[in-house]
Amino acid sequence: MNLSRAQEILAKFSNLKIAVIGDIGIDLYTQGDVERISPEAPVPVLGVNKEWNKLGLAANVAENLKTLGVKSTLIGLVGNDETAKDLKKLCEENHIESVFLEDSSRRTTLKQRVLAGNQQICRVDYESIEDLSDELSEKLLSLIDTDSYDGFIIQDYGKGLFTKNNLVKILSKIKSSNKMIMVDPSVKKSIKDYQGCSLFKPNHKEALSFSKELGETTVNLEALKAACKADAIAMTKGAEGIYLLSSDFNERVETASIAVFDVSGAGDTTLSALTSGLLSGASLKEAAQLANIASSIVVGKVGTATVSQSEILDTL
């Protein structure tokens, strides 16, 4: 892709409105230095220098869309706790429109990453992963106004927002409006639960798991595409790039040479750029090229990061 074509596609991002529906939470980073081993056990003692919160899970997708210049609405599930308050505050500070379902019986997801310098040494997860109740599932369905958005991102981390039953209803409602549906799946579901999506975006590990579900011994993108009845498959595989499959396209789009510091949230960046590119008239290959550039930028940053249009153009 040349620079002028990238500029043409990126210029259309500001006209988009995308709904991001998914499991949400906060990424808490605790960073410090290790200078000694604990006398209590053979573990490092971290002297904390800094702590900060970042939007995590599907909220990171919404933040990536924001920094790419795309308008979005984040729809997700929280508990009635301090983490939920912090999450709402972060959305407000980042000017991200959000609509939250609340379930006081569960805790809002918090993932604490402990860093010694820039090296992650531990992660601690606080979360509830019970399935959403039938009552809240109906409320979730009512929040999906298909007339208000150009496309939808379904970000399933397997934390309970999407159940087998409500996922079918959500995908059916959106598909009936002829709007684009991008799915980042969870292996806690069957691949057939995602039938009707426009783009199915597993990583390699997920694609292998879904392929084995279908009786395959290795990744079979053709089988996956048929099983979820998607228009296209985009399988990410780290430094190898993105493997694409549609009715008329089967190719690997290589990634840029990169220095990797932290892969946290790289898939979110890829999904955001892919979706925005396709909705802006890019071909599947062009959207994947933009997504690869975007993800190569964020993995060079520490923590769950985002990328801007200017960074993409500078890198290109």
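Residues numbered from 1 in each chain as written. Predicted model: local features only at pLDDT ≥ 70, side-chain atom pairs only at ≥ 80, totals over all residues. Heavy atoms only, no water.

## Some points on the pairing of strand β9 (residues 180–184)
Working step 1: Burial of β9 is extensive: four of the five residues sit out of reach of the surface.
Working step 2: Strand direction decides the pairing type here: strand β8 (residues 151–155) and β9, joined by five bridges, are parallel. When the sheet's bridge partners are listed, Gln 155 is paired in β9 with Asp 184.
Working step 3: Taking the sense of rotation as the criterion, the β-α-β connection linking β8, helix α5 (residues 164–176) and β9 turns out right-handed.
Working step 4: Across two bridges, β9 lies against strand β10 (residues 199–200) in parallel orientation. Following the sheet pairing, Val 183 is matched in β10 by Phe 200. (Buried < 20%, exposed > 50% of the residue type's maximum accessible area, 1.4 Å probe, protein only. Helix = DSSP H or I, 4+ residues; strand = E, 2+ residues; numbered from the N terminus. Pairing = 2+ DSSP bridges. Right-handed = clockwise from strand over helix to strand, strands pointing away.)

## Let's talk about the sheet that holds strand β6 (residues 109–116)
Working step 1: With respect to topology, four strands assemble into an open sheet ordered β3-β2-β6-β7, the strand pairing being mixed. On the outer flanks of this sheet lie β3 (44–57) and β7 (119–126), each paired with one strand and no other. Neighbour-to-neighbour, the strand axes of this sheet turn through a mean angle of 20°, independent of strand direction.
Working step 2: Summarising the sheet, strand β2 (residues 24–37) and β3 pair through 13 bridges and their orientation is antiparallel. When the bridges of β3 are listed, Ile 37 appears paired with Pro 44.
Working step 3: Packing of helix α2 (residues 58–67) onto the sheet brings it into contact with β2 and β3, and relative to β3 it is tilted by some 70°. (Axes fitted to C-alpha atoms, helices over the stretch in contact; angles between N-to-C directions. Contact = heavy atoms within 4.5 Å.)

## Quick notes on the sheet that holds strand β1 (residues 17–22)
Working step 1: Ordered in space as β5-β4-β1-β8-β9-β10-β11-β12-β13, the nine strands form an open sheet in which the pairing is mixed. For this open sheet the edge positions go to β5 (97–102) and β13 (249–253), each flanked by a neighbour on one side alone.
Working step 2: Taken together, the two bridges between β10 and strand β11 (residues 232–236) define a ladder with parallel strand orientation. If you follow Leu 199 over to β11, its bridge partner there is Ala 232.
Working step 3: Contacts from helix α7 (residues 221–228) reach β10, β11 and β12 (242–246) within the one sheet, and its direction differs from that of β11 by about 130°.

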